[in-house]
Amino acid sequence: FVSLFVEKMSLDLSFVKVPLEELVRVSKDAQKMIDKQLIECVKQFEELSKSFTTVENANETLTQIQTEIESLEKRMHDAMELEFELLKMCNVRFKHMSSSAREQNASLWEELRVCRYVGDFLLREGMYETALELAKKPPMQFMINTFAFKNMTEIEDETMKSNFSPLLHWCNKHSKRLKKLRSTLQFQTNLQIYLQHIEREEFDSALNFAQSTFPKYAQNHMKEINNAMLLLACSKDSPVAKKYFSSKENRLHNLVLQLRRNNMALYSIPSHSIFTSTLQLGMSMFKTEQCSLDACKSSDCPTCNPHIQMLARDQPLCHPSGSRLRCTITNALIDDVNHPYLLPSGALCSMKAFDEMKDRGDDTVTCPLTQKKFKQEDAERVYIM
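Residues numbered from 1 in each chain as written. Predicted model: local features only at pLDDT ≥ 70, side-chain atom pairs only at ≥ 80, totals over all residues. Heavy atoms only, no water.

Peer 1: How should the overall build of the chain be read in this particular structure?
Peer 2: Counting its secondary structure elements, the chain contains 16 helices and five strands. The C-alpha radius of gyration of the chain comes to 33 Å, more than 25% above the 21 Å expected for a compact globule of 385 residues. Once the C-alpha set of the chain is aligned to its principal axes, its extents read approximately 120 × 65 × 35 Å. Residues classed as buried in the chain amount to 36% of the 385 residues present. Put simply, of all contacts in the chain between residues at least 6 apart along the chain, 60% involve residues at least 24 apart. Here the chain contributes 49 positive and 50 negative side-chain charges, whose respective centroids are spaced 4 Å apart. (Helix = DSSP H or I, 4+ residues; strand = E, 2+ residues; numbered from the N terminus. Rg over C-alpha atoms; globule rule 2.2 N^0.38 Å. Buried < 20%, exposed > 50% of the residue type's maximum accessible area, 1.4 Å probe, protein only. Contact = heavy atoms within 4.5 Å. Lys, Arg positive; Asp, Glu negative; His and termini not counted. Charge placed at Lys NZ, Arg CZ, Asp CG, Glu CD.)

Written as C-alpha coordinates, this is what we have:
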(Lines give C-alpha, C1' and ligand atoms only; values in the text may rest on other atoms or scores of the structure.)
Protein backbone atom coordinates (compact mmCIF):
# COMPACT_ATOMS: atom_id res chain seq x y z
CA PHE A 1 0.00 0.00 0.00
CA VAL A 2 2.77 2.44 0.99
CA SER A 3 4.85 1.84 -2.16
CA LEU A 4 1.83 2.35 -4.42
CA PHE A 5 0.88 5.52 -2.52
CA VAL A 6 4.41 6.90 -2.94
CA GLU A 7 4.30 6.05 -6.66
CA LYS A 8 1.05 7.97 -7.10
CA MET A 9 2.34 10.92 -5.06
CA SER A 10 5.47 11.20 -7.21
CA LEU A 11 3.22 12.19 -10.12
CA ASP A 12 0.63 14.08 -8.12
CA LEU A 13 2.75 15.95 -5.58
CA SER A 14 1.49 19.34 -6.78
CA PHE A 15 -2.10 18.05 -6.54
CA VAL A 16 -1.75 18.02 -2.72
CA LYS A 17 0.89 20.74 -2.39
CA VAL A 18 -0.91 23.59 -4.20
CA PRO A 19 -3.96 23.97 -1.87
CA LEU A 20 -1.77 23.49 1.20
CA GLU A 21 0.59 26.30 0.23
CA GLU A 22 -2.35 28.51 -0.72
CA LEU A 23 -3.90 27.83 2.70
CA VAL A 24 -0.66 28.84 4.43
CA ARG A 25 -0.42 32.02 2.33
CA VAL A 26 -4.04 33.02 2.97
CA SER A 27 -3.63 32.40 6.72
CA LYS A 28 -0.46 34.49 6.88
CA ASP A 29 -2.04 37.35 4.92
CA ALA A 30 -5.11 37.29 7.17
CA GLN A 31 -2.93 37.33 10.30
CA LYS A 32 -0.91 40.28 8.97
CA MET A 33 -4.12 42.15 8.15
CA ILE A 34 -5.52 41.55 11.66
CA ASP A 35 -2.27 42.58 13.40
CA LYS A 36 -1.94 45.74 11.31
CA GLN A 37 -5.55 46.80 11.89
CA LEU A 38 -5.45 46.09 15.64
CA ILE A 39 -2.19 48.07 16.02
CA GLU A 40 -3.85 51.03 14.31
CA CYS A 41 -6.88 50.79 16.63
CA VAL A 42 -4.65 50.60 19.73
CA LYS A 43 -2.71 53.67 18.57
CA GLN A 44 -5.94 55.59 18.10
CA PHE A 45 -7.12 54.61 21.59
CA GLU A 46 -3.80 55.70 23.12
CA GLU A 47 -3.86 59.03 21.28
CA LEU A 48 -7.45 59.59 22.38
CA SER A 49 -6.65 58.83 26.02
CA LYS A 50 -3.65 61.19 26.08
CA SER A 51 -5.27 64.08 24.23
CA PHE A 52 -7.60 66.72 25.64
CA THR A 53 -10.50 66.80 23.24
CA THR A 54 -14.20 67.48 23.26
CA VAL A 55 -16.86 64.82 23.69
CA GLU A 56 -17.97 65.26 20.10
CA ASN A 57 -14.46 64.68 18.75
CA ALA A 58 -14.04 61.69 21.05
CA ASN A 59 -17.34 60.21 19.85
CA GLU A 60 -16.30 60.77 16.24
CA THR A 61 -12.97 58.99 16.83
CA LEU A 62 -14.70 56.09 18.60
CA THR A 63 -17.22 55.80 15.77
CA GLN A 64 -14.37 55.67 13.27
CA ILE A 65 -12.63 52.96 15.29
CA GLN A 66 -15.88 51.00 15.51
CA THR A 67 -16.30 51.22 11.71
CA GLU A 68 -12.76 49.96 11.18
CA ILE A 69 -13.33 47.05 13.59
CA GLU A 70 -16.58 46.11 11.81
CA SER A 71 -14.76 46.24 8.48
CA LEU A 72 -12.01 44.06 9.96
CA GLU A 73 -14.63 41.60 11.21
CA LYS A 74 -16.10 41.29 7.72
CA ARG A 75 -12.69 40.71 6.15
CA MET A 76 -11.88 38.13 8.84
CA HIS A 77 -15.14 36.35 8.02
CA ASP A 78 -14.25 36.30 4.30
CA ALA A 79 -10.75 34.99 5.10
CA MET A 80 -12.20 32.26 7.33
CA GLU A 81 -14.58 31.16 4.57
CA LEU A 82 -11.70 30.98 2.11
CA GLU A 83 -9.60 29.00 4.60
CA PHE A 84 -12.52 26.62 5.17
CA GLU A 85 -12.85 26.02 1.42
CA LEU A 86 -9.11 25.36 1.10
CA LEU A 87 -9.18 22.99 4.11
CA LYS A 88 -12.09 21.13 2.54
CA MET A 89 -10.17 20.92 -0.72
CA CYS A 90 -7.08 19.55 1.06
CA ASN A 91 -9.23 16.99 2.90
CA VAL A 92 -10.88 15.78 -0.32
CA ARG A 93 -7.55 15.52 -2.12
CA PHE A 94 -5.86 13.63 0.71
CA LYS A 95 -8.75 11.15 0.86
CA HIS A 96 -8.61 10.77 -2.91
CA MET A 97 -4.88 10.02 -2.85
CA SER A 98 -5.12 7.60 0.10
CA SER A 99 -7.87 5.60 -1.62
CA SER A 100 -5.86 5.19 -4.83
CA ALA A 101 -4.39 1.85 -3.81
CA ARG A 102 -7.68 0.14 -3.05
CA GLU A 103 -8.63 -2.32 -5.76
CA GLN A 104 -12.37 -1.67 -5.53
CA ASN A 105 -11.83 2.03 -6.36
CA ALA A 106 -9.09 1.56 -8.95
CA SER A 107 -11.19 2.17 -12.07
CA LEU A 108 -12.98 5.22 -10.61
CA TRP A 109 -9.70 6.61 -9.31
CA GLU A 110 -8.05 6.28 -12.73
CA GLU A 111 -11.02 8.01 -14.39
CA LEU A 112 -10.84 10.92 -11.93
CA ARG A 113 -7.09 11.20 -12.46
CA VAL A 114 -7.54 11.53 -16.22
CA CYS A 115 -10.17 14.25 -15.63
CA ARG A 116 -7.76 16.04 -13.29
CA TYR A 117 -4.97 15.94 -15.83
CA VAL A 118 -7.27 17.20 -18.58
CA GLY A 119 -8.55 20.03 -16.33
CA ASP A 120 -4.99 21.07 -15.50
CA PHE A 121 -4.08 21.03 -19.22
CA LEU A 122 -7.13 23.16 -20.12
CA LEU A 123 -6.18 25.79 -17.52
CA ARG A 124 -2.59 25.92 -18.77
CA GLU A 125 -3.77 26.43 -22.36
CA GLY A 126 -6.15 29.26 -21.41
CA MET A 127 -9.35 27.26 -21.99
CA TYR A 128 -10.84 28.51 -18.73
CA GLU A 129 -14.53 28.17 -19.58
CA THR A 130 -14.14 24.50 -20.53
CA ALA A 131 -12.09 23.85 -17.38
CA LEU A 132 -14.75 25.53 -15.21
CA GLU A 133 -17.47 23.38 -16.81
CA LEU A 134 -15.42 20.28 -16.01
CA ALA A 135 -14.89 21.51 -12.43
CA LYS A 136 -18.65 21.87 -11.88
CA LYS A 137 -19.07 18.10 -11.78
CA PRO A 138 -19.44 16.98 -8.12
CA PRO A 139 -16.35 14.72 -7.99
CA MET A 140 -14.17 17.36 -9.66
CA GLN A 141 -15.10 20.59 -7.89
CA PHE A 142 -12.27 20.22 -5.34
CA MET A 143 -9.76 18.51 -7.65
CA ILE A 144 -8.98 21.22 -10.23
CA ASN A 145 -7.01 24.35 -9.33
CA THR A 146 -9.53 26.81 -10.76
CA PHE A 147 -8.95 29.22 -7.85
CA ALA A 148 -5.42 29.85 -9.11
CA PHE A 149 -6.68 31.13 -12.47
CA LYS A 150 -9.43 33.41 -11.20
CA ASN A 151 -9.92 36.54 -13.38
CA MET A 152 -7.25 35.32 -15.81
CA THR A 153 -9.68 35.36 -18.75
CA GLU A 154 -10.40 39.07 -18.37
CA ILE A 155 -6.73 40.00 -17.95
CA GLU A 156 -5.62 37.98 -20.98
CA ASP A 157 -8.42 39.29 -23.19
CA GLU A 158 -7.65 42.91 -22.27
CA THR A 159 -3.93 42.35 -22.82
CA MET A 160 -4.55 41.02 -26.34
CA LYS A 161 -6.61 44.18 -26.96
CA SER A 162 -3.60 46.31 -25.88
CA ASN A 163 -5.32 47.39 -22.66
CA PHE A 164 -2.63 46.83 -20.04
CA SER A 165 -4.35 48.31 -16.98
CA PRO A 166 -5.66 44.94 -15.61
CA LEU A 167 -2.25 43.33 -16.17
CA LEU A 168 -0.41 46.17 -14.40
CA HIS A 169 -2.88 45.99 -11.51
CA TRP A 170 -2.19 42.25 -11.24
CA CYS A 171 1.58 42.86 -11.30
CA ASN A 172 1.34 45.54 -8.59
CA LYS A 173 -0.83 43.28 -6.45
CA HIS A 174 1.77 40.50 -6.57
CA SER A 175 4.86 42.68 -6.92
CA LYS A 176 6.71 41.29 -3.87
CA ARG A 177 6.25 37.68 -4.88
CA LEU A 178 7.07 38.42 -8.54
CA LYS A 179 10.29 40.08 -7.40
CA LYS A 180 11.26 36.90 -5.52
CA LEU A 181 10.64 34.94 -8.72
CA ARG A 182 12.83 37.44 -10.65
CA SER A 183 10.00 37.93 -13.10
CA THR A 184 10.34 40.40 -15.98
CA LEU A 185 6.58 40.57 -16.58
CA GLN A 186 6.16 44.07 -15.14
CA PHE A 187 9.04 45.45 -17.21
CA GLN A 188 7.75 43.80 -20.40
CA THR A 189 4.29 45.26 -19.74
CA ASN A 190 5.69 48.77 -19.26
CA LEU A 191 7.84 48.33 -22.37
CA GLN A 192 4.72 47.43 -24.33
CA ILE A 193 2.94 50.56 -23.05
CA TYR A 194 5.91 52.67 -24.19
CA LEU A 195 5.82 51.03 -27.64
CA GLN A 196 2.10 51.74 -27.80
CA HIS A 197 2.80 55.48 -27.33
CA ILE A 198 5.43 55.31 -30.11
CA GLU A 199 3.04 53.51 -32.44
CA ARG A 200 0.42 56.25 -31.89
CA GLU A 201 3.16 58.86 -32.51
CA GLU A 202 2.68 60.26 -28.99
CA PHE A 203 6.39 60.98 -28.58
CA ASP A 204 6.08 63.40 -25.66
CA SER A 205 3.99 60.90 -23.71
CA ALA A 206 6.41 58.12 -24.61
CA LEU A 207 9.40 60.17 -23.39
CA ASN A 208 7.69 61.15 -20.13
CA PHE A 209 6.62 57.54 -19.54
CA ALA A 210 10.14 56.26 -20.19
CA GLN A 211 11.73 58.83 -17.85
CA SER A 212 9.35 57.93 -15.02
CA THR A 213 9.31 54.15 -15.48
CA PHE A 214 12.51 52.78 -17.02
CA PRO A 215 15.19 53.99 -14.54
CA LYS A 216 14.27 51.32 -11.95
CA TYR A 217 14.78 48.61 -14.58
CA ALA A 218 18.06 49.98 -15.97
CA GLN A 219 20.32 47.63 -14.01
CA ASN A 220 18.90 44.44 -15.56
CA HIS A 221 17.35 45.64 -18.84
CA MET A 222 19.60 48.43 -20.10
CA LYS A 223 20.11 46.90 -23.55
CA GLU A 224 16.36 46.54 -24.18
CA ILE A 225 15.75 50.07 -22.91
CA ASN A 226 18.41 51.52 -25.23
CA ASN A 227 16.91 49.71 -28.23
CA ALA A 228 13.43 50.95 -27.32
CA MET A 229 14.58 54.55 -26.81
CA LEU A 230 16.10 54.48 -30.30
CA LEU A 231 12.54 54.52 -31.67
CA LEU A 232 12.18 58.15 -30.56
CA ALA A 233 14.76 59.12 -33.18
CA CYS A 234 13.45 56.86 -35.96
CA SER A 235 10.51 57.28 -38.27
CA LYS A 236 7.62 54.84 -38.20
CA ASP A 237 8.68 53.40 -41.58
CA SER A 238 12.30 52.78 -40.58
CA PRO A 239 13.60 49.16 -40.40
CA VAL A 240 14.04 49.45 -36.62
CA ALA A 241 10.45 50.56 -36.08
CA LYS A 242 9.07 47.97 -38.50
CA LYS A 243 10.93 45.24 -36.60
CA TYR A 244 9.07 46.18 -33.40
CA PHE A 245 5.62 46.85 -34.80
CA SER A 246 5.50 43.86 -37.19
CA SER A 247 5.88 41.49 -34.24
CA LYS A 248 3.23 43.17 -32.09
CA GLU A 249 0.89 40.16 -32.03
CA ASN A 250 3.74 37.85 -31.08
CA ARG A 251 4.82 40.15 -28.26
CA LEU A 252 1.28 40.33 -26.88
CA HIS A 253 0.95 36.55 -27.10
CA ASN A 254 4.29 36.10 -25.32
CA LEU A 255 3.12 38.52 -22.64
CA VAL A 256 0.03 36.37 -22.03
CA LEU A 257 2.15 33.20 -21.88
CA GLN A 258 4.51 34.85 -19.40
CA LEU A 259 1.51 35.89 -17.29
CA ARG A 260 0.32 32.26 -17.17
CA ARG A 261 3.79 30.98 -16.23
CA ASN A 262 4.18 33.56 -13.47
CA ASN A 263 0.68 32.91 -12.18
CA MET A 264 1.41 29.18 -11.94
CA ALA A 265 4.69 29.91 -10.17
CA LEU A 266 2.87 32.06 -7.58
CA TYR A 267 0.70 29.08 -6.69
CA SER A 268 3.58 26.55 -6.80
CA ILE A 269 2.02 24.82 -9.82
CA PRO A 270 4.71 22.95 -11.84
CA SER A 271 5.72 24.51 -15.13
CA HIS A 272 5.19 21.22 -17.03
CA SER A 273 1.83 19.59 -17.66
CA ILE A 274 1.42 16.06 -16.28
CA PHE A 275 -1.16 15.38 -19.00
CA THR A 276 1.34 16.28 -21.73
CA SER A 277 4.17 14.31 -20.10
CA THR A 278 2.14 11.14 -19.59
CA LEU A 279 0.65 11.38 -23.09
CA GLN A 280 4.09 11.70 -24.67
CA LEU A 281 5.41 8.82 -22.58
CA GLY A 282 2.45 6.62 -23.54
CA MET A 283 2.84 7.36 -27.25
CA SER A 284 6.58 6.60 -27.10
CA MET A 285 5.86 3.21 -25.51
CA PHE A 286 3.65 2.16 -28.45
CA LYS A 287 5.27 3.93 -31.40
CA THR A 288 7.28 1.75 -33.80
CA GLU A 289 8.44 2.06 -37.41
CA GLN A 290 5.53 -0.17 -38.49
CA CYS A 291 2.97 2.37 -37.27
CA SER A 292 3.53 4.46 -40.39
CA LEU A 293 3.07 1.52 -42.78
CA ASP A 294 -0.48 0.95 -44.00
CA ALA A 295 0.01 -2.80 -44.32
CA CYS A 296 1.21 -3.13 -40.72
CA LYS A 297 -1.32 -0.93 -38.93
CA SER A 298 -3.27 -2.47 -36.05
CA SER A 299 -6.60 -1.36 -34.65
CA ASP A 300 -5.33 -2.25 -31.16
CA CYS A 301 -2.32 0.09 -31.44
CA PRO A 302 -3.03 3.73 -30.40
CA THR A 303 -0.18 5.19 -32.45
CA CYS A 304 -1.50 3.53 -35.64
CA ASN A 305 -4.49 5.87 -35.41
CA PRO A 306 -4.03 8.78 -37.90
CA HIS A 307 -4.98 11.41 -35.29
CA ILE A 308 -2.55 10.03 -32.70
CA GLN A 309 0.15 9.74 -35.36
CA MET A 310 0.09 13.52 -35.76
CA LEU A 311 0.72 13.93 -32.01
CA ALA A 312 3.38 11.22 -31.94
CA ARG A 313 5.26 12.53 -34.97
CA ASP A 314 8.11 14.04 -32.92
CA GLN A 315 8.19 11.33 -30.26
CA PRO A 316 11.00 8.73 -30.15
CA LEU A 317 10.44 5.11 -31.17
CA CYS A 318 10.13 2.43 -28.53
CA HIS A 319 12.65 -0.41 -28.34
CA PRO A 320 10.72 -3.46 -27.08
CA SER A 321 12.71 -6.34 -25.64
CA GLY A 322 10.09 -8.83 -26.90
CA SER A 323 7.69 -8.85 -29.83
CA ARG A 324 4.32 -10.39 -30.64
CA LEU A 325 2.98 -11.47 -34.02
CA ARG A 326 -0.51 -10.60 -35.17
CA CYS A 327 -2.50 -11.87 -38.10
CA THR A 328 -2.60 -9.38 -40.98
CA ILE A 329 -6.22 -10.37 -41.74
CA THR A 330 -7.97 -10.75 -38.36
CA ASN A 331 -5.46 -8.82 -36.25
CA ALA A 332 -5.64 -11.71 -33.77
CA LEU A 333 -2.61 -12.59 -31.67
CA ILE A 334 -0.56 -15.50 -33.09
CA ASP A 335 0.43 -18.03 -30.43
CA ASP A 336 0.56 -21.77 -29.72
CA VAL A 337 -3.20 -22.06 -30.18
CA ASN A 338 -3.62 -19.75 -33.17
CA HIS A 339 -0.88 -21.12 -35.49
CA PRO A 340 0.84 -18.88 -38.10
CA TYR A 341 0.65 -19.49 -41.85
CA LEU A 342 2.62 -17.84 -44.67
CA LEU A 343 0.68 -16.97 -47.82
CA PRO A 344 2.39 -17.19 -51.24
CA SER A 345 2.30 -13.39 -51.41
CA GLY A 346 4.51 -13.16 -48.32
CA ALA A 347 1.81 -12.03 -45.89
CA LEU A 348 1.51 -13.74 -42.51
CA CYS A 349 -1.93 -14.90 -41.40
CA SER A 350 -3.28 -17.20 -38.72
CA MET A 351 -5.40 -20.33 -38.47
CA LYS A 352 -8.20 -18.17 -37.12
CA ALA A 353 -8.45 -16.35 -40.48
CA PHE A 354 -9.16 -19.63 -42.33
CA ASP A 355 -11.65 -20.71 -39.64
CA GLU A 356 -13.59 -17.46 -39.96
CA MET A 357 -13.75 -17.78 -43.74
CA LYS A 358 -15.04 -21.36 -43.43
CA ASP A 359 -17.76 -20.18 -41.04
CA ARG A 360 -18.86 -17.73 -43.74
CA GLY A 361 -18.99 -20.45 -46.39
CA ASP A 362 -15.79 -19.42 -48.12
CA ASP A 363 -12.62 -21.53 -48.10
CA THR A 364 -10.26 -18.72 -49.20
CA VAL A 365 -8.66 -15.71 -47.54
CA THR A 366 -7.78 -12.40 -49.20
CA CYS A 367 -4.21 -11.21 -48.92
CA PRO A 368 -4.16 -7.63 -47.55
CA LEU A 369 -1.04 -6.83 -49.62
CA THR A 370 -1.99 -8.10 -53.10
CA GLN A 371 -5.76 -8.58 -52.68
CA LYS A 372 -5.39 -12.11 -54.13
CA LYS A 373 -7.40 -15.04 -52.75
CA PHE A 374 -5.66 -18.16 -51.38
CA LYS A 375 -6.84 -21.45 -49.97
CA GLN A 376 -5.45 -23.03 -46.85
CA GLU A 377 -3.65 -25.63 -48.96
CA ASP A 378 -1.70 -22.80 -50.65
CA ALA A 379 -0.37 -21.51 -47.32
CA GLU A 380 2.63 -22.96 -45.51
CA ARG A 381 2.72 -23.55 -41.80
CA VAL A 382 5.35 -21.41 -40.07
CA TYR A 383 7.28 -22.46 -36.98
CA ILE A 384 8.81 -19.76 -34.80
CA MET A 385 11.81 -20.57 -32.62
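So much for the structure itself; the text now carries on.
Peer 1: In this structure, what is going on with the packing of helix α2 (residues 13-50) against helix α3 (residues 55-98)? I would like to understand it.
Peer 2: Helix-helix packing is characterised by the crossing angle of the two axes and by the distance between the axes. With their axes 9 Å apart at the nearest point, α2 and α3 run at an angle of 165° to one another. Relative to α3, the element α2 lies roughly antiparallel. Helix-helix and strand crossings are classified by hand; for α2 and α3 the assignment is left-handed. (Axes fitted to C-alpha atoms, helices over the stretch in contact; angles between N-to-C directions. Parallel < 35°, antiparallel > 145°, perpendicular 65-115°, else oblique. Left-handed = near helix turned anticlockwise from the far one by under 90°.)

Peer 1: Where do I start with the sheet that holds strand β1 (residues 340-342) in this structure?
Peer 2: Backbone hydrogen bonds hold the strands of a sheet together, and the pairing may be parallel or antiparallel. The three strands are arranged β2-β1-β5 in an open sheet whose pairing can be described as antiparallel. What marks the edges here is a single partner per strand, and that holds for β2 (348-350) and β5 (380-381). As paired elements, β1 and β2 share three bridges and run antiparallel to each other. Bridge assignment links Tyr-341 to a residue of β2, and that residue is Cys-349. Across the sheet, helix α16 (residues 351-359) is in contact with β1 and β2; its angle to β2 comes to roughly 60°. (Pairing = 2+ DSSP bridges.)

Peer 1: Explanation requested: the nonpolar core in the structure shown.
Peer 2: Soluble globular proteins: nonpolar side chains tend toward being buried together. Phe-149, Trp-170, Tyr-194 and Phe-214 are the most contacted members of the largest nonpolar core, which has 50 residues in total. Of all the elements, helix α9 (residues 185-199) adds the most residues to this core, at seven residues. With residues near it in sequence (within four places) discarded, Phe-214 still touches Phe-187, Asn-190, Leu-191, Tyr-194, Phe-209, Ile-225 and Met-229. Membership of the second largest hydrophobic core comes to twelve residues, among which are Tyr-341, Ala-347, Phe-354 and Cys-367. (Core = buried A, V, L, I, M, F, W, Y, C linked by side-chain atoms within 4.5 Å.)

Peer 1: Just to check I follow, could you spell out the side chain of Thr-364 for this structure?
Peer 2: Within the secondary structure layout, Thr-364 lies in strand β3 (residues 364-366). Other than its neighbours up to four places away in sequence, Thr-364 contacts Met-357, Lys-373, Phe-374 and Lys-375.

Peer 1: Sorry if this is basic, but what is going on with the packing of aromatic side chains here?
Peer 2: For any pair of aromatic rings, geometry is given as the distance between the ring centres together with the angle between the planes. Per the stated rule, a full pass over the model turns up eight aromatic pairs. Each ring, one from Phe-147 and one from Tyr-267, has its centre 5.9 Å from the other, and the planes form 80°; the classification is edge-to-face. Here the residue Phe-147 occupies a position in the loop between α5 (128-135) and α6 (152-160), and Tyr-267 occupies one in the loop between α13 (248-266) and α14 (274-286), the gap between them amounting to 120 residues. Taken together, the aromatic side chains of Phe-187, Tyr-194, Phe-209, Phe-214 and Tyr-217 make up a single cluster linked through ring pairs. (Phe/Tyr/Trp six-rings, centres within 6.5 Å; stacked < 30°, edge-to-face > 60°.)

Peer 1: Before we go on, may I ask you to explain α5 in this structure?
Peer 2: Since one α-helical turn is 3.6 residues long, residues separated by three or four positions face the same way. Buried within α5 are the following residues: Tyr-128, Ala-131, Leu-134 and Ala-135. Looking straight down α5, one finds its buried side chains confined to an arc of 120°; they lie on one side. Packing partners of the buried residues in α5 comprise α4 (106-124), α6 and α13. (Arc of directions from axis to C-beta.)

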